[in-house]
Every structure is written in C-alpha cells, then in structure tokens.
Number of protein chains: 2
Amino acid sequence: MTSNDTPAVVVVGSIGIDTVETSREKREEILGGSASFACVASSFFSTVGMVGVVGTDFPEEYRNLYLRHEVDLEGLQTEAGKTFRWSGVYEENMDNRRTLSTDLNVFEQFSPRLPEGYKACRYLFLANISPSLQLHVLDEVSDPKFVLADTMDLWIDIAQDDLRKVIARVDMLTLNESEARHLTGKYSLIKAARELLALGPKYVLIKKGEHGSMLFSEEKLFLMPAYVLEEFEDPTGAGDTFAGAFIGALAAAEDTSESAIRRAMLRGSVVASFGVERFSLDGLDKLSMTDIERRVEKLHAMIRCD
Amino acid sequence: MTSNDTPAVVVVGSIGIDTVETSREKREEILGGSASFACVASSFFSTVGMVGVVGTDFPEEYRNLYLRHEVDLEGLQTEAGKTFRWSGVYEENMDNRRTLSTDLNVFEQFSPRLPEGYKACRYLFLANISPSLQLHVLDEVSDPKFVLADTMDLWIDIAQDDLRKVIARVDMLTLNESEARHLTGKYSLIKAARELLALGPKYVLIKKGEHGSMLFSEEKLFLMPAYVLEEFEDPTGAGDTFAGAFIGALAAAEDTSESAIRRAMLRGSVVASFGVERFSLDGLDKLSMTDIERRVEKLHAMIRCD
C-alpha cells in the first residue's frame, strides 16, 4: 500500500439517522452517529477514514457531506436494509437526555472491515461500538501510534470482560463521569480514574458535558473546561466531535506528549462547541480553520491565569 | 484612627453554630457561618476584621479559633440570647443540600456596627446578609477600593429592589448558578451575567460548586475549575471560603487588575478545597501558606495549556 491510501486517522463507529427533540425544536431524520461526528471533526486537522455501515436508504446528501470534508469512505459498508435509527429527547437544561427508540437495523450485524490501507493508520479512534468489535479492529491495525477508545453503559453491563481487554490495549480511554463511576464502583473520579489507569491505558479522559473534561494520567491531572456558549441547539454527538477533533489535532501535531494532548483537547473542546450550536452536523459543516483557531484563542484566554 | 486599627479586609456576615449531616457522618454544634469561613480564609493573606453577632452561648473555643488566625474581633457583637443555629443534610453526591432547620436567634436583630477603624478598610466582603444591611454597611465605609457582595435566593424573593441597589454599588457580585438564573430569569449564564453586569458591577462571579466558577466582565470570561479532591467531608461554607481567600489575596496583591483577580481566584479555589476536606473550619485551622502555595502550583499545573 502507498501512504496515499492510509489516512492519518481511522474512526470506527456508528452512522445513524436521528430524530432529536429539544425543548424548542424537533428535527427528524438528521445525520448522526459517532463516526459521522468524529470523522467530520477530525477532517479539519488531518486525513481521516471512516469504518462503519449504512443501509441502502442512506441519503446521498449525507454521503456528500462526508465527501465535502474529504472523509475517506473506503471503509464505509453499504448493506441491504435500513440505516441505524435513534431518537431521543433532551430536557430543558440539556444535561439529561432520554432515548425514545433505537433501531439497530444494519448496524446489528456490523462487522468492521478495514480496507488494507487503513491497517497502517497511526491514529485510531474506536468510537462506541461493542468491545468485541473494538478488539477485532485492534487485531487488524499493524502499528498504531495512538489509540483512543470510547464506550457506554450498555457494554459495561453486558460485555465488561471484553471492555476491560479493550481498555488494556489502548492509549486513552474516554467515558463520561457516570460511566466511569459505573465501571469502577467508585464515586470519586480520582479513584475511578486510578482504577482505570491500572488496567493499562496511559490516559483516562472523563467527559463532563458542559462542565468540560478531565484528563488523568499516572502523574498528572488536566482540567479542560468546555467553551461557554450563549445558546446551543443540540448536544448530540458532542463527545464524538470532541474525540474526533482531538485525535485529528493530535495526528496533525505528530506529537503525543502530554502537552500536545492538552493542546489537542483545547481543539476538541472548541470544535465540540461549534457542533452543539446547531442540530446534527450543521455546526461543523460550514466551519473553517479560521473559525476554529479564533475560538481556540478565545478559550485559551478564558483559562489563562499567569 | 491609625492604620493599625484598620484591617485590610472587612467581612460582614453570619456566624452560626451548625449541625451537618452527610452520607457518612453527622457533626453537631460545629462552627459555621459565612463570616467565620470568609475571615479565616482571608487571614492567610491579609489582616481581616469580622463584623457579625453571636449570642452569649458562643463557645470560647470558637472565639479562640478566630484569634489564632488573628481575625480582628472588634466588630463582633455579643448579644443576649443564643447564637444563630443552622442544620442541614447533604445527599450522597454532596451537590444538593437540604436545610433541616434555621434558628436566627440573635442574628434576627443583627445590625452591623462598623468600628471606626473598619470604615477606612480598602477591601470589603458583604457576605450573605439582607440587602438592606449590606446597603447600610456600604454607607458606612469611606473609600473602599474593592467591594464584593454575595447573596441568596431568599433576598432575590423578598428584597430584590434593595438587592439590585447593592449590586449597583459593588465591584463584584458573587452568586451561584441557580441564583443567577433565578435573579435574571435567563437560563444561559452568559445572558444572566450580561444582565447583572448591566446593573453596575465590574465583575460577576458565578459559582458552580465542584465545577468551579466563572468570572464575567464586560469584555472577558475567565473559567476557574475547582481543585479536584479525592475525598471531601463537608461542602458547607465553600463559597464563603473561596470569597474570603479571594478578597484576602486581592488585598495582599494591592492590585485589582483582571489578572490579579484571576490569581486571587486561584487562591480562593485552593483554600476552598482545603476547607471542604474537613467539617466546619477544621480544614482551614491547621493550614499553612506553604500548603496553600503548593496546591496553588498544582492547580495551576492542572489548567495550564501552552
């Protein structure tokens, strides 16, 4: 394979068609899924390939959105049947969401197949899919420099053994605060992170929604606030957008030192803030690097204390 | 008056005897009250005078605690009757507390009397007392350089006109996020802060408990995370401890520029973190400047992103 066929970043995750209801608005059949958010977010910083599955009903306009952002779709399978559907509703404060329905459709039989060129990728984001599939992908990649994995409550409940194997094999685990507590049985996030670090990853990134995120390593703790928005429309995909922009920025820096990781988190936080300002991927679609870097400067100024 | 009689910082607030119950422990008749926390926190950085009232039952050991920290007690009135009592219980996660009882006792008739020397103070913290009393104190001080005022839901409900007059006359208003929303009717904290800034203060400091605080000014926003603790015992007084350490550090710096304010917030956050590690003022009582500065360095390292 030539390096032209190998995107810097590979993302394996879900592609969904969502119906999202907030206190102000309801949007039906909009593009969602962890891989959608993460790939487009990553595309601002690096080349990115998507591994996922859609049904034959997947709208051309959504495929075009990926292509507009130069997301490589060689790893995107199209299977007979319908695309994964999810619908949910957010409370007034957007902190809590309630899932109304989940129809896995073609995603139920999803088995990630990495195109040959993807196997040499250096940066890999295993978004929220079953740990057994995450392990399968880890077996396929030859020499990744940095692997980030996400998970969710469901896998903690039904596939915790495999999940622990995944955690042992990645550089960074990302999960939200309730998941960290659920997985470890520790209320204190310091204790929870310590227990997760003991499983093997170098970093544990705990997401706290509008309160930002916490990066734990053996020796250090870094606190990254979320960019404060006056208004936002739809928090769906914020964590995946953060993760995608993060790993894209890390790949662009070609540096996985802790300070590079902090700078990449700043970008993750900023791109996620643009994402939640609009429904679906609308906040990312028109975004430019100038917009991103301008807001990175603003966020940096909001946390500087010298 | 000689300057010896004028503490750098004056704090006007409540002194209480609390009964605090958490999921792990119950402590009865422990020292509390906004002025107690704020004065001791401030004492690490500057001279401080306390204006408040206690009953004749106020334990000598608590008075000795103030004196150990060189809190000037010329403004502490002792009235016939019992000291203010408060009791409350915290949920498992310590985010929410429920008040079980409040007995104002001598605090009900409290009328702050500033000793002559206090009137020339340069830094004033009007902790949570009725806005009419806060206005009275503002009339008494001659030329303060920086006035910080706190408030609570009760005054928003029953004395909002006076509260708005207070806000118009201070340099910084501090309140928690639910109070900011309650007072302005705006859910967005940016909108809420903008509305509060329009009333006159140069700064609005919104407290978010374990999620830190946000400093709003006309042009800027600063995000100060809370120092992350592995365990904590009792969040009572955290906001007052923050405010006291903040204004003490500001007074010590003799600088009210925004960068000095940010540095003082770092100290407020750190001293508050020591405070919540123990019940009552136990976490502050044995604290040294070395402990504080060491943790300031740690917190600074947790937010640095260059």
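Refer to the preceding data block for the structure.
Let me sum up the structure you'll find in this document. These numbers come from a predicted model, not from an experiment.

### What about the sheet that holds strand S7 (residues 84-90) of chain A?
All names here are of chain A.
Then step 1. Taking strand neighbours across the sheet as the criterion, the four strands line up as S3-S2-S7-S8 in an open arrangement whose pairing is mixed. Whereas interior strands pair on both sides, the edge strands pair on one side only; in this sheet they are strand S3 (26-32) and strand S8 (97-103). Strand-to-strand, the axes of this sheet are offset by a mean angle of 20 degrees, without reference to chain direction.
Then step 2. Pairing between S7 and S8: six bridges, direction antiparallel. The residue bridging Arg85 from the neighbouring strand is Asp103, located in S8.

### Some remarks on the relation of the copies chain A and chain B
Then step 1. Superposing chain A onto chain B takes a rotation of 180 degrees combined with a translation of 0.0 Å along the rotation axis, leaving an RMSD of 0.0 Å. What the rotation and shift describe, once combined, is the action of a two-fold rotation axis.
Then step 2. Both copies share a contact surface, since 100% of the interface residues of chain A are interface residues in chain B too.

### What about the pairing of strand S14 (residues 221-224) of chain A?
Residue and element names in this part refer to chain A.
Then step 1. In S14, alternate side chains face the same way, and those of Leu221 and Leu223 on one face and Phe222 and Met224 on the other are all buried.
Then step 2. Pairing between strand S13 (residues 213-216) and S14: four bridges, direction antiparallel. Its bridge partner being in S14, Phe216 is matched across the sheet by Leu221.
Then step 3. Between the antiparallel neighbours S13 and S14 lie four residues.

### Some points on the packing of helix H8 (residues 238-253) of chain A against helix H9 (residues 258-276) of chain A
All names here are of chain A.
Then step 1. Direction vectors running N to C along H8 and H9 enclose 140 degrees, while the axes themselves pass 7 Å from each other. By the angle class used here, H8 and H9 are oblique. Remark: the crossing between H8 and H9 carries right-handed chirality. On the side of H8, the interface is formed by Ala238, Thr241, Phe242, Ala245, Phe246, Ala249 and Leu250, while H9 contributes Ala260, Ile261, Ala264, Met265, Arg267, Gly268, Ser269, Val271, Ala272 and Val276.
Then step 2. Broken down by class, the residue content of the contact of H8 with H9 amounts to 13 nonpolar, three polar and one charged.

### Observations concerning the interface of chain A and chain B
Then step 1. Contacts between chain A and chain B engage 30 residues on the former and 31 residues on the latter.
Then step 2. Summing both partners gives a buried area of about 2,900 Å² for chain A against chain B, and 55% of it is carried by carbon and sulfur.
Then step 3. When the buried area of chain A at its contact with chain B is split by residue, Leu223, Glu230 and Cys305 of chain A rank highest and sum to 22% of it.
Then step 4. When the shortest N-O distance is used, the salt bridge between Arg194 of chain B and Glu230 of chain A registers 2.7 Å.
Then step 5. Where chain A meets chain B, there are 17 residue pairs in polar contact (both at pLDDT 80 or more).
Then step 6. The set of elements that each furnish at least two residues to the side of chain A that touches chain B consists of helix H7 (189-197), S14, H9 and helix H11 (289-303) of chain A.
Then step 7. Among the elements that make up the side of chain A that touches chain B, the one with the highest residue count is H11 of chain A (five residues).
Then step 8. Residues of the side of chain A that touches chain B, tallied by class, amount to 16 nonpolar, five polar and nine charged.

### Here's the deal with the packing of aromatic side chains
Residue and element names in this part refer to chain A.
Then step 1. The tally for this structure, following the rule as stated, stands at ten aromatic pairs over all chains.
Then step 2. With 6.2 Å between their ring centres and 65 degrees between their planes, Phe146 and Phe246 make a pair best called edge-to-face. Highlighted residues: Phe146 in strand S10 (residues 146-150) and Phe246 in helix H8, separated in sequence by 100 residues. Phe246 shares its class with Phe146; the two are buried.
Then step 3. Taken together, the ring pairs connect Phe58, Tyr62 and Tyr66 into an aromatic cluster.
Then step 4. Above the plane of the ring of Phe274 lies Arg295, whose end atom (NZ or CZ) is 3.7 Å from the centre.

### Some thoughts on the pattern of salt bridges
Then step 1. Tallying each qualifying case throughout the model produces 42 salt bridges over all chains.
Then step 2. For the salt bridge of Glu231 of chain B with Lys191 of chain A, the shortest nitrogen-to-oxygen distance reads 2.3 Å. Residue Glu231 of chain B is found in the loop between strand S14 (221-224) and helix H8 (238-253), and its partner Lys191 of chain A is found in helix H7; the two belong to separate chains.
Then step 3. Residue class for Glu231 of chain B comes out partly exposed when judged on its relative accessible area of 38%.
Then step 4. Given the relative accessible area of 25%, Lys191 of chain A is considered partly exposed.
Then step 5. One salt-bridge network, held together by shared partners, links Glu25, Arg27 and Asp282 of chain A.

### Topic: the environment of Lys186 of chain B
Then step 1. Within the element layout of this structure, Lys186 of chain B appears in the loop between helix H6 (177-184) and helix H7 (189-197).
Then step 2. A polar atom in the side chain of Lys186 of chain B sits 3.3 Å from the side chain of Glu195 of chain B.

### Some details on the environment of Ala301 of chain B
Then step 1. Considering the arrangement of structural elements, one finds Ala301 of chain B in helix H11 (residues 289-303).
Then step 2. Overall, Ala301 of chain B belongs to the partly exposed group, its relative accessible area being 33%.
Then step 3. Filtering out sequence-adjacent residues up to four positions away, Ala301 of chain B remains in contact with Leu221 and Arg262 of chain A.

Rules of the game
- Residues numbered from 1 in each chain as written.
- Chains lettered and ligands numbered in written order.
- Predicted model: local features only at pLDDT ≥ 70, side-chain atom pairs only at ≥ 80, totals over all residues.
- Heavy atoms only, no water.
- Pairing = 2+ DSSP bridges.
- Helix = DSSP H or I, 4+ residues; strand = E, 2+ residues; numbered from the N terminus.
- Axes fitted to C-alpha atoms, helices over the stretch in contact; angles between N-to-C directions.
- Least-squares fit on C-alpha atoms with pLDDT ≥ 70 in both.
- Contact = heavy atoms within 4.5 Å.
- Buried < 20%, exposed > 50% of the residue type's maximum accessible area, 1.4 Å probe, protein only.
- Parallel < 35°, antiparallel > 145°, perpendicular 65-115°, else oblique.
- Left-handed = near helix turned anticlockwise from the far one by under 90°.
- Nonpolar A, V, L, I, M, F, W, Y, C, P; charged D, E, K, R; others polar.
- Buried area = accessible area lost by both parts, 1.4 Å probe.
- Salt bridge = Lys/Arg side-chain N within 4 Å of Asp/Glu carboxyl O.
- Polar contact = N/O pair within 3.5 Å; in protein donor to acceptor, adjacent residues only side chain to side chain.
- Phe/Tyr/Trp six-rings, centres within 6.5 Å; stacked < 30°, edge-to-face > 60°.
- Lys NZ or Arg CZ within 6 Å of the ring centre and 35° of its normal.

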